[in-house]
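Residues per chain, in single letters:
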Amino acid sequence: MIDKIRGFYKDTKVSKQAWRGYRARVESLPDDYRFVMEQIQKFLFNVAMDAQSVTVLQAILELFEEGVAAHRPVLEVTGDDVAGFARDVMTAIQAQTWAGKMSQQLNDRVAQHFGR
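Calculation rules
- Here, residues in each chain are numbered from 1, in the same order as that chain's written sequence.
- In view of the model being predicted, local features appear only for residues whose pLDDT reaches at least 70, and side-chain atom pairs are presented and counted only at 80 or more, with totals across whole chains, interfaces and linings using the full set of residues.
- Based on all heavy atoms of the structure, the side-chain values leave hydrogens and waters out of the count.
- Only runs of H or I of at least four residues qualify as helices and only runs of E of at least two qualify as strands under DSSP, and these elements are numbered from the N terminus.
- Buried residues are those whose accessible area, probed at 1.4 Å on protein chains only, stays under 20% of the maximum for their type, while exposed residues exceed 50% and partly exposed ones sit between those limits.
- Contacts are assigned to residue pairs that have any heavy atoms within 4.5 Å of one another.
- For helices, the fitted axis covers only the stretch in contact; all axes are lines through C-alpha atoms, and the angles between them, taken along N-to-C directions, range from 0 to 180 degrees.
- Angle categories are assigned with fixed cut-offs, so that under 35 degrees is roughly parallel, over 145 is roughly antiparallel, 65 to 115 is roughly perpendicular, and the rest are oblique.
- Take the far helix as your reference; a near helix turned counterclockwise from it by less than a right angle gives a left-handed crossing, and one turned clockwise gives a right-handed crossing.
- We call Asp, Glu, Lys and Arg charged. Ala, Val, Leu, Ile, Met, Phe, Trp, Tyr, Cys and Pro are nonpolar, and the rest, Gly among them, are polar.
- Stacked, edge-to-face and tilted are the three classes for Phe, Tyr and Trp ring pairs, Trp counted by its six-membered ring, which pair at centre distances within 6.5 Å; planes under 30 degrees apart are stacked, over 60 edge-to-face, the rest tilted.

K.L.:
Can you help me understand the overall build of the protein chain in this one?
P.N.:
Scanning the protein chain for helices and strands turns up seven helices and zero strands. For the protein chain, the α and β elements follow one another from N to C terminus as α-α-α-α-α-α-α. Burial statistics for the protein chain: of 116 residues in total, 33% are counted as buried. Within the protein chain, contacts between residues separated by at least 24 positions form 63% of all contacts whose residues are at least 6 apart in sequence.

Okay, here's the thing in structure tokens:
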């Protein structure tokens, strides 16, 4: 895992300081939230280890921090399908990126060509 994270730093320019800040925030979460956050992190690093992973993790962390502040159980924030929750956040963030916009344009052009 450490080698994967080291490679991630090189590939995405994620600073060690930013990663440490993220980790400190995760460590300050209540036990249930921290457990789910760490499981989501493992999931994302296995299915989508790219620059968007940290953006997704930070977005999820913010949602979790809001859930903690509102005294909501973690599964009330994520729902029972935690992997689906992580994929939904990943999809929402992807739609805001250059690659996401290009993907949408491609789909739109093809749909338009076929009259859909």
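After that view of the structure, there is still more to cover.
K.L.:
What is the right way to read the packing of helix H3 (residues 31-47) against helix H6 (residues 82-94) from this model?
P.N.:
Their axes nearest at 10 Å, the elements H3 and H6 cross at an angle of 60°. One way to sum up the angle between H3 and H6 is to call them oblique. As for how H3 packs across H6, the hand of that crossing is right-handed. Touching Val36, Ile40, Phe43, Leu44 and Val47 of H3 are Val82, Ala83, Phe85, Ala86, Arg87 and Met90, all from H6. Along the lines of polarity and charge, the residues of the contact of H3 with H6 split into 10 nonpolar, no polar and one charged.

K.L.:
Can you walk me through the packing of aromatic side chains in this structure?
P.N.:
Under the defined criterion, the tally for this structure stands at four aromatic pairs. Between Tyr33 and Phe64, the aromatic rings sit 5.3 Å apart at their centres with planes inclined by 80°, giving edge-to-face as the arrangement. Placement of Tyr33 in helix H3 and of Phe64 in helix H4 (residues 51-69) is noted, with a sequence separation of 31 residues between them. We classify Tyr33 as buried; its relative accessible area is 4%. Look at Phe64 and Phe85: their rings are 6.3 Å apart centre to centre, the planes differ by 15°, and that puts the pair in the stacked class. Taken together, the residues span a long stretch of sequence, with Phe64 in helix H4 and Phe85 in helix H6 at a distance of 21 residues.

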